[in-house]
Amino acid sequence: MRRIVIADQRHIHPFNEPARDLRIQNKPLWLLQRDLVASFVTEEMEYPSWELAEKFEQDNKTETLVHASHLYFNKELIETFIAKARAGGKPVRLAFSIHDKAIKEHVLPLTTRSLTRVRDQYWVDVWYFPAGVCQRSQAMPLEIDTGARERGYYHIPPYMATETGDLVYNLPRLAFVAIESWVHVFIADILFGIFSYGVNQEDEIDTNWTYKISILLRSIMEQKPFLSCSKLVQIGKNCTIHPTAKITGPAIIGDNVQIDAGVVIDACIIGNNVTVSQGCQLHISVVGDGCFLPFRAALFMTTMMEHSMVAQNTCLQLCVVGRDSFIGAGSTFTDFNLLSAPLKAMDGDGKIREANLRILGGCVGHHCRLGAGLVVHPGRTIESDTILIPDESSVFLKHNVRFEDSDHHPYIDKFPYYRLYPPLPVESPIVEEKKVKQVEETKKPKDSEAKTEASF
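Given the structure is predicted, the values throughout are model-derived calculations rather than measurements.

Q: Explanation requested: the pairing of strand β9 (residues 92-97) in the structure shown.
A: Side-chain direction in a regular strand flips from residue to residue, so the side chains alternate between the two faces of the sheet. Among the 6 residues of β9, 6 are classified as buried, and the element is accordingly described as predominantly covered. Burial along β9 is two-sided: the face carrying Val92, Leu94 and Phe96 and the face carrying Arg93, Ala95 and Ser97 are both buried. Bridge analysis of β9 against strand β12 (residues 140-143) gives 4 bridges, and the strand direction is parallel. Across the sheet, the residue bridging to Leu94 is Leu142, located in β12.

Q: Whenever I open this one, the confidence of the model for the protein chain confuses me. Can you help?
A: Detailed reading of the predicted model is not advised wherever pLDDT is low. Across the protein chain, the average pLDDT comes to 89, with 90% of residues at 70 or higher. Looking over the protein chain, one finds the lowest element-wise mean pLDDT in helix α8 (residues 447-455), namely 42, and the highest in strand β31 (residues 320-321), namely 97. Contacts for the low-pLDDT stretch residues 448-456, under 50 throughout, to residues beyond four places or in other chains number 2 contacts.

Q: Would you mind going over the nonpolar core with me for this structure?
A: Where a protein is soluble and globular, its nonpolar side chains tend to be buried together. Tyr72, Phe81, Tyr169, Phe186 and Met301 are the most contacted members of the largest nonpolar core, which totals 75 residues. For this core, the element with the highest residue contribution is helix α5 (residues 182-207), accounting for 12 residues. Dropping the residues within four chain positions of it, Phe81 is found in contact with Leu65, Val92, Arg93, Leu94, Val126, Trp127, Tyr128, Leu142 and Ile144. The next biggest cluster of nonpolar side chains, apart from the first, holds 36 residues, and it includes Ile247, Cys291, Val310 and Cys319.

Q: Is there a simple way to explain the packing of α5 against helix α6 (residues 209-222) in this structure?
A: Between two packed helices, both the angle of their axes relative to each other and the distance between the axes serve to describe the pair. At a minimum axis distance of 5 Å, the contact between α5 and α6 shows a crossing angle of 105°. What the angle tells us is that α5 and α6 run roughly perpendicular. Contacts between α5 and α6 involve Gln201, Glu204, Ile205 and Thr207 on the former and, on the latter, Trp209, Tyr211, Lys212 and Ile215. The residue makeup of the contact of α5 with α6, split by class, is 4 nonpolar, 2 polar and 2 charged.

Q: What am I meant to see in unusual backbone geometry here?
A: Between His13 and the following residue, Pro14, the backbone shows a cis peptide bond with an omega angle of 5°. Considering the arrangement of structural elements, one finds Pro14 in the loop between β2 (11-12) and β3 (17-18). Across the junction of Gly249 and Pro250, the peptide omega takes the value 5°, indicating a cis bond. Take Pro250: it is sitting in the loop between β18 (246-248) and β19 (251-253). In this structure, Asn16 takes a positive phi of about 60° despite not being glycine. Structurally, Asn16 is set in the loop between β2 and β3. Backbone geometry places Met301, a non-glycine residue, at a positive phi of 50°. Mapped onto the elements of the fold, Met301 is located in the loop between β27 (298-300) and β28 (303-304).

Q: Explain a nonpolar patch on the surface to me, please; I cannot follow it from the model alone.
A: Together, Trp209, Ile213, Leu216, Leu217 and Ile220 make up a nonpolar patch on the protein surface, roughly 530 Å² of accessible area in all. Note on placement: Leu217 falls in helix α6.

Q: Can you walk me through α6 in this structure?
A: The α-helix winds at 3.6 residues per turn, so residues separated by three or four positions along the chain end up facing the same way. For α6, which comprises 14 residues, the first-to-last C-alpha distance of 20 Å matches the rise-based estimate of 20 Å (1.5 Å per residue) to within 8%. Regarding α6, the residues found buried are Tyr211, Ile215 and Ser219. Projection of α6 onto a plane perpendicular to its axis shows the buried side chains occupying an angular sector of 75°, all on one side. Of the exposed residues in α6, those oriented more than 90 degrees away from the buried face are Trp209, Ile220 and Met221. Of the surrounding secondary structure, the elements contacted by the buried residues of α6 are α5. Once α6 ends, the next one or two residues include Gln223, with phi positive near 55°.

Calculation notes
- Along every chain, residues carry numbers that run from 1 in the direction the sequence is written.
- Totals for whole chains, interfaces and linings use all residues, but because this is a predicted model, local features are given only for residues with pLDDT of at least 70 and pairs of side-chain atoms are given and counted only at 80 or more.
- To obtain the side-chain values, all non-hydrogen atoms of the structure were used and water was disregarded.
- Burial classification: accessible surface area is computed with a 1.4 Å probe over protein chains only, and a residue below 20% of its type maximum counts as buried, one above 50% as exposed, and the rest as partly exposed.
- Only DSSP runs of H or I reaching four residues or more are called helices, and only runs of E reaching two or more are called strands; each is numbered from the N terminus.
- Only strands joined by at least two bridges in the DSSP assignment are considered to pair.
- The score called pLDDT rates the predictor's confidence residue by residue, from a low of 0 to a high of 100.
- Contacts are assigned to residue pairs that have any heavy atoms within 4.5 Å of one another.
- Remark: nonpolar core denotes a set of buried residues (Ala, Val, Leu, Ile, Met, Phe, Trp, Tyr, Cys) joined through side-chain atoms within 4.5 Å.
- Fitting a line to C-alpha atoms yields each axis, with helices limited to the stretch in contact; the angle taken between N-to-C directions then spans 0 to 180 degrees.
- We call two directions roughly parallel when the angle between them is under 35 degrees, roughly antiparallel when it is over 145, roughly perpendicular when it lies between 65 and 115, and oblique otherwise.
- In the scheme used here, Gly and all other residues not listed as nonpolar or charged are polar, with Ala, Val, Leu, Ile, Met, Phe, Trp, Tyr, Cys and Pro taken as nonpolar and Asp, Glu, Lys and Arg as charged.
- Candidate patch residues must exceed 30% relative accessible area and have no salt bridge, after which like charges are joined if within 9 Å and Val, Leu, Ile, Met, Phe, Trp or Tyr side chains if within 5 Å.
- Here the Shrake-Rupley method, with its probe set to 1.4 Å, supplies the accessible areas, and only the displayed protein chains count as covering residues.
- Salt bridges are counted wherever a side-chain nitrogen of Lys or Arg sits within 4 Å of a carboxyl oxygen of Asp or Glu.
- Expected span of a helix: the number of residues minus one, times 1.5 Å.
- The reported arc concerns the directions from the helix axis to the C-beta atoms and nothing else.

Following this line, the structure appears as structure tokens:
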């Protein structure tokens, strides 16, 4: 099979780089996609647009899989899609029901361009062609059920959630996310990634007694608790783990990892060359290669991309931290709105919209340096290459922080700090396209004007 990737070069705020280069489950998205389809694909090609793909592939009649570069999907989804498409023997396009809870509750909010609603379905940018991309116009929707299951993640006291009840997610077996916002990175990495994987393991243990027995026997042989045996906790080479550290699965620990005394790790992915110092708490989180967590740092449902550091006594909940960033000691990223107002975040078009999440942390871009003692309000972002030096007037971050707000600008001559992740230039075709759309929108008559014109 031939694989064609349609590149989406739009930058994801606040990282200022395309989704394909962001890390999902400790791999660049482009590499994760390649690994998931490796068993089917013998050759691949990437094009910047559909038009160029059709132009250069018009004479190629081989079996072809086409998808956009900013899409996350798991192995179960792509295998199911390809199997059903091959069984049908006709060109098809991946689709989901508008009633699919995982898509409706978690993917649709903040998505602006990747889901096309046609009647009672959402069509997405994944195609299968038995005889090449020349069959694009013949493609019919192939609806896939994600198999969403409702799962709670912690209990909220009644006086704090009188109307909403306990907080729950709809976790799919067949996962799909279009990465248009930093919130989608959180959903793909944590909710549809490590959290869904853990729920899948629980379901397998509950329904498959032979699998349960195999884990039980392994735990007896290793003299470890049921959830800590090597069947559920994979540990790489050359790791140093203190005897008092507690690791419960499902968890994946990379190579050359040091885990010190009193550390608690529950259902996490830990990359290579990571140091987790005394007393750290990690729960349903992903820690990228080369990260450093000094003593008593805490991560809850949080992603750290490669080579970042979260200093001592810092707490991050439902957050995303980019690569090569530093968060100072004693900082707190809050995740709950005390005023019961809907939490909002930036969508793929740069607009602030409701995220449909009752709790949500913040996001730090790449190559950031944040001083100690910051308190960040829910849903706020800090753009890549930003330095924040807190003082009495700037400890609490109630707004999104741009690179222009960085505290290093007055000292740039004496202490150079180079910007590594600039946003798209103003003359970029993507920016120009957005400007044209905005101009067209302003020229459209308003509803009241349209009604007046219609009456005449």
